[in-house]
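# A look at the structure
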Amino acid sequence: MILSDTDILARLEEGDLAIDPLDDVDTQVQPASVDLRLGSEFLEFRRTNIPCIHPTDAREVDEYVEETHVPEGDDFILHPGDFVLGTTKETVAIPDDIVAHVEGRSSLGRLAIVVHATAGLCDPGYRGQITLELSNLGNAPVALSPGMRISQLTFTELKTPADRPYGEERGSKYQDQSGPQASRIGNDPEFATGDADESGGDGEPDR
Ligand SMILES: Nc1ccn([C@H]2C[C@H](O)[C@@H](COP(=O)(O)OP(=O)(O)OP(=O)(O)O)O2)c(=O)n1
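Everything quoted here is computed from the prediction, not taken from an experiment.

## Side note on the site of the ligand
If you check the shell around the ligand, you find A119, L121, C122, D123, Y126, I130, T131, E133, Y166, K173, Y174 and Q177 and nothing else. Contact distances for the ligand include 2.6 Å between an oxygen atom and a side-chain N or O atom of Y166. The side chain of K173 places a nitrogen or oxygen atom 2.4 Å from an oxygen atom of the ligand. Alone, the ligand offers 580 Å² of accessible surface; in the complex the protein occludes 73% of this. The element best represented in the shell around the ligand is strand β11 (residues 127-136), accounting for 3 residues. Within the shell around the ligand, the residues separate by chemical class into 7 nonpolar, 2 polar and 3 charged.

## A look at the UniProt feature "active site" (unreviewed entry) in the protein chain
The positions that UniProt labels "active site" (unreviewed entry) are, in the present scheme, E133. Position of E133 among the secondary structure elements: in strand β11. On the basis of relative accessibility, which here comes to 15%, the residue E133 falls in the buried class. Dropping the residues within four chain positions of it, E133 is found in contact with F83, V84, L85, V114, V115, H116, A117, T118 and A119.

## A closer look at the packing of aromatic side chains
Under the counting rule described, the total for this entry stands at 4 aromatic pairs. On the numbers, 4.3 Å between centres and 15° between planes, the contact of F42 with F76 is stacked. A residue pair is termed long-range when its members are at least 10 positions apart, and F42 in strand β4 (residues 41-45) and F76 in strand β6 (residues 76-78) qualify at 34 residues. A residue is classified by how much of its surface remains accessible, and F42, at 0% relative accessible area, is buried. Judged by centre distance (5.6 Å) and plane angle (45°), the ring pair of F45 and F83 falls under tilted.

## Considering unusual backbone geometry
With the exception of glycine, most residues fall at negative phi, and the peptide bonds are largely trans. The peptide bond linking D20 to P21 adopts the cis configuration, its omega dihedral lying at 0°. Within the secondary structure layout, P21 lies in the loop between β1 (18-20) and α2 (25-28). For A112, which is not glycine, the phi torsion reads 75° and is therefore positive. In this fold, A112 is placed in the loop between α4 (106-109) and β9 (113-114). In this model, D176 sits at a positive phi of 65°, which is unusual for a non-glycine residue.

About the cut-offs
Residues numbered from 1 in each chain as written. Predicted model: local features only at pLDDT ≥ 70, side-chain atom pairs only at ≥ 80, totals over all residues. Heavy atoms only, no water. Near = heavy atom within 4 Å. Polar contact = N/O pair within 3.5 Å; in protein donor to acceptor, adjacent residues only side chain to side chain. Areas by Shrake-Rupley, 256 points an atom, 1.4 Å probe, with all protein chains shown as cover. Helix = DSSP H or I, 4+ residues; strand = E, 2+ residues; numbered from the N terminus. Nonpolar A, V, L, I, M, F, W, Y, C, P; charged D, E, K, R; others polar. UniProt positions renumbered as here; feature names shortened; annotations may be inferred. Buried < 20%, exposed > 50% of the residue type's maximum accessible area, 1.4 Å probe, protein only. Contact = heavy atoms within 4.5 Å. Phe/Tyr/Trp six-rings, centres within 6.5 Å; stacked < 30°, edge-to-face > 60°.

Next up, the structure:
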């Protein structure tokens with residue numbers, strides 16, 4: 001069952017579902033979703049001379065990205081064909097009996113802006129800001145303004161709470177992430193080679 005505005009507000013009131021800051025309830029809470037705003041941090045992907053990035057090599061992944069801060073009031077220009085990681089301004093906490101989905105907003109979709117290229121699921125138990133996979137599929141640059149409502153989150157109640165929710169206990173690599181975080185796929189157990197990020201997922205390479 002997807003939560004309606006009434007259900008969302010009730011769960012927020014109970015306190016196990018959290019969205020912080022939720023500054024403008026009337027504007028941000030939609031009939032069956034909550035609009036989330038764009039944060040100020042961006043990770044841009046540099047042009048590189050290395051032949052390719054091996055997703056499991058944390059050093060290659062980290063060397064390829066560059067952080068940019070755009071204060072509220074300024075714009076980040078997303079050019080046609082570009083892909084950049086952004087973040088929600090809000091930090092969320094998803095209870096064990098809910099799965100949340102990051103969706104785009106129609107008004108930005110109509111400008112060819114996509115907010116999650118592939119991944120849009122927030123696991124039961126997830127806490128943190130949400131990394132947005134922003135791309136511009138159109139042929140005109142589009143200005144993105146930190147603080148603008150950029151995406152929406154829907155909430156689906158599970159039949160039973162997750163037995164092993166997202167979190168430290170299962171070594172979940174994006175738990176409590178703050179700001180956009182590059183891929184940590186090298187931390188997956190099947191790729192454990194010693195090359196992976198050992199920083200605890202704070203985005204700082206361990207060098
Ligand atoms: N656009 C998105 C989608 C998800 N997440 C967060 C919430 C998810 O609970 C967490 C993990 O997402 P996935 O399960 O899709 O990612 P992985 O499978 O790569 O990570 P893990 O192995 O930690 O589950 O990342 C995010 O910040 N931005």
